[in-house]
Amino acid sequence: MAFDAAFLQTLEALNLLARRTLAGDDRAERLTPRKGASLEFADYRRYTPGDEIRYIDWNVYARHGSLFVKEFTAEENVHVSVLLDTSRSMDFGGKFQAAKELAAALGYIGLSNYDTLSLFTFGSEVRPIKKFLRGKGRVFELLSAVDALQPEGQTDMKRAFGPSLPRLRGRSLVLLITDFYDLAGYSDGVRELLAQRFGVHLIHMVSREEVTPKARGRFSLLDLETGKSKDATLMPRTLEAYGRRFRAFCAEVEDFGRSHELAYARVLSDDTLEHRVVEILRAGGIVEHR
Amino acid sequence: MSFEHPEGLWLLTLGVPILAFHFYKGRIRRMPVPMLLFWEQVIVEEERQSALKRIRHWASLVITLLALALLTSAVSLPNVRGFTRIKA
């Protein structure tokens, strides 16, 4: 996996959006609603003894005769955790490759903003792949790690994200990249993440073949995760019914995200990577232009 | 039983491609799907109609082979003992 220089420049102009304050340990380039020391002016506050005199705005004092100090926004890094679904259901219609590219691109955005980045994979359990990367120099390490990932096992988000979840440093911003196919239900798993006070962004991977399957005739349908099969004759009527069911599922995941105030983006695997990152994720409130 | 035009019996060999096409059309191919549950939910209705579909599947083969037999018979003109052919 390799990104060209132009695409890297595009990624460097983006920032991962955190919907709430996620306290980081180190200073970085992310402006937070918390007050701190940066060049970005935030507000005025009445002077109280103990405030630093250099922050007093003397122009305001000259006009109003009262002492006010200037406040600035804090610039902090956050711990970004990319949770990539590597279950076998992702190995369909190019979803897995698209998800890996997306994980790498989002990781690079984090690294170029001096955020701390960790990459985890999950199926029925979370596996740490890279932990606490910082700085753009670690991008090759990230890319080769992502490249080596292979789909395996079944999805069980509740079990994976439950108490056995490896401790993510501080309050992580979690980028959950998955197809949300979980027979036990994805919602309990995501709620586990929210209960641990992570900021969660939902990135829903879908393939064209799932949205509009083209196959016609008699088939033995084989579930990629469970290995269970079922014989069926696929006729236009069956495919329409399946299409309705799939759209209802997508709408349900989106509603779940909205009801929990989570950013949500549905990504089609055959879109170009640039379109996926710049247009779809930006529209979904996951990245923003700096 | 004898035939006035026994060379017409060669038409019976057309039965081979008909049978081949029938079984090719009816074969079950394997299709991997990421979530079988969704398919199971939509093919319940279809299962109810599957008996009728099976009958239709085999009936189409029988009718096609019958049509071929009639065509062969018309071309090869069989003489069956007990039946008199009226010649024009």
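Throughout what follows, the structure given in this document is the object of discussion. (Residues numbered from 1 in each chain as written. Chains lettered and ligands numbered in written order. Predicted model: local features only at pLDDT ≥ 70, side-chain atom pairs only at ≥ 80, totals over all residues. Heavy atoms only, no water.)

### Quick look at the overall build of chain A
Just so we agree on the cut-off: To qualify as a helix, a DSSP run of H or I must reach at least 4 residues; to qualify as a strand, a run of E must reach at least 2; elements of each kind are numbered from the N terminus. Exposed residues in this analysis have more than 50% of their type's maximum accessible area, buried residues have under 20%, and partly exposed residues fall in between, with area computed by a 1.4 Å probe over protein chains only.
When helices and strands are tallied, chain A shows nine helices and twelve strands. The buried share of chain A, taken over its 290 residues, is 50%.

### Some remarks on the interface of chain B and chain A
Accessible area lost upon the coming together of the parts is a frequently used measure of interface size. The cut-off we apply is this: Any pair of residues with heavy atoms lying within 4.5 Å of one another is described as a contacting pair. Buried area: the accessible area, evaluated with a 1.4 Å probe, that two parts lose upon being put together, summed over both parts. The term salt bridge refers to a side-chain nitrogen of Lys or Arg lying within 4 Å of a carboxyl oxygen of Asp or Glu. Whenever a nitrogen or oxygen atom comes within 3.5 Å of another N or O atom, the pair is scored as a polar contact, on the condition that within protein one atom can donate a hydrogen and the other can accept it, and that pairs from neighbouring residues in sequence are kept only if both atoms are in side chains.
Listed by partner, the interface residues are 22 residues for chain B and 34 residues for chain A. With both chains or domains summed, chain B and chain A bury close to 2,700 Å², and 69% of this area falls on carbon and sulfur atoms. Considering only the surface of chain B that becomes buried against chain A, Pro34(B), Phe38(B) and Trp39(B) emerge as the three largest contributors, covering 26% of it. Run the count over chain B and chain A and you get one salt bridge. Ionic pairing is found between Lys228(A) and Glu40(B), a salt bridge with its closest N-O pair at 3.2 Å. Remark: the boundary between chain B and chain A carries ten residue pairs in polar contact (both at pLDDT 80 or more).

### Structural notes on empty space enclosed by the protein
To keep it simple, the criterion reads: Cavities and pockets are found on a 1 Å grid laid over the protein atoms alone: a cavity is a set of points where a 1.4 Å probe fits but cannot escape, a pocket is an open set with protein on both sides within 12 Å along at least five of seven lines, and a lining residue has an atom within 4 Å of such a point. Grid points are joined across faces, edges and corners, and a volume is the space filled by probe spheres set on the points. Under the scheme applied here, ten amino acids are nonpolar (Ala, Val, Leu, Ile, Met, Phe, Trp, Tyr, Cys and Pro), four are charged (Asp, Glu, Lys and Arg), and all others, including Gly, are polar.
Taken as a whole and assessed by the stated rule, the structure comprises one cavity of 30 Å³ or more. Along the walls of the largest cavity sit Tyr181(A), Asp182(A), Leu183(A), Asp223(A), Glu225(A), Thr226(A), Pro34(B) and Met35(B), which together make up its complete lining. A breakdown of the residues in the lining of the largest cavity according to their chemical character gives four nonpolar, one polar and three charged.

### Brief notes about the side chain of His204(A)
All names here are of chain A. Looking at the element boundaries, His 204 is found in strand β8 (residues 199-206). Overall, the relative accessible area of 1% leaves His 204 in the buried class. There is a polar contact of 3.4 Å between the side chain of His 204 and the backbone oxygen of Asp 179. A polar contact is formed between the side chain of His 204 and the side chain of Tyr 264, at a distance of 2.7 Å. If sequence neighbours within four positions are ignored, His 204 has contacts with Thr 178, Asp 179, Phe 180, Phe 249, Cys 250, Val 253, Tyr 264, Ala 265, Arg 266 and Val 267.

### Here we look at the sheet that holds β8(A)
Residue and element names in this part refer to chain A. Let me state the cut-off plainly: Pairing between strands requires that DSSP locate at least two bridges from one strand to the other. To define axes, lines are fitted to C-alpha atoms, for helices over the stretch in contact only, and angles between the resulting N-to-C directions are given on a 0 to 180 degree scale.
In space, the six strands of this open sheet follow the order β6-β5-β4-β7-β8-β11, with mixed pairing throughout. With one partner strand each, in any of the chains shown, β6 (126-133) and β11 (263-268) form the two edges of the open sheet. Within the sheet, the average angular offset between the axes of one strand and its neighbour, ignoring direction, is 15°. Pairing of strand β4 (residues 79-85) with strand β5 (residues 116-122) involves seven bridges; the strand directions are parallel. Residue pairing in the sheet places Val 80 in a bridge with Leu 117 of β5. Each of β4, β5, β6, β7 (173-178), β8 and β11 is contacted by helix α3 (residues 95-112), which is oriented at about 150° to β8, the strand it contacts most. Sheet strands in contact with helix α4 (residues 139-147) are β5 and β6, and its direction is about 170° off that of β6.

### Some details on the packing of helix α1 (residues 5-12) of chain A against α3(A)
Residue and element names in this part refer to chain A. Applied cut-off: In this scheme, roughly parallel covers angles under 35 degrees and roughly antiparallel covers those over 145, while 65 to 115 is roughly perpendicular and the rest are oblique. Handedness of a helix crossing follows the sense of rotation of the near helix relative to the far helix, less than a right angle counterclockwise being left-handed and clockwise being right-handed.
Orientation of α1 relative to α3, taken along the N-to-C sense of each, is 60°, at an axis distance of 9 Å. Looking at the two axes, α1 sits oblique to α3. For the pair α1 and α3, the crossing hand works out as right-handed. In this structure, α1 uses Phe 7, Leu 8, Leu 11 and Glu 12 to contact α3, whose residues at the interface are Ala 105, Tyr 108, Ile 109 and Ser 112. Tallied by class, residues from the contact of α1 with α3 come to six nonpolar, one polar and one charged.

### Focus: α3(A)
Residues and elements named next belong to chain A. Selection criterion: In a helix, the anticipated span is given by 1.5 Å times the number of residues less one.
The end-to-end C-alpha distance of α3 is 26 Å, a good match for the 26 Å that 18 residues give at a rise of 1.5 Å each. Burial of α3 is extensive: 17 of the 18 residues sit out of reach of the surface. One or two positions beyond α3, positive phi appears at Tyr 114, with a value near 60°.

### Some thoughts on the pattern of salt bridges
Residue and element names in this part refer to chain A. The final tally for this structure, using the stated rule, is 15 salt bridges over all chains. Residue Asp 51 is joined to Arg 45 by a salt bridge in which the shortest nitrogen-to-oxygen separation is 3.1 Å. Accessibility expressed as a relative area gives 18% for Asp 51, which makes it buried. Taking the shortest distance from any N to any O, the salt bridge between Glu 210 and Lys 95 comes out at 3.0 Å. Highlighted residues: Glu 210 in helix α7 (residues 208-211) and Lys 95 in helix α3, separated in sequence by 115 residues. Note on accessibility: Glu 210 and Lys 95 belong to one class, buried.

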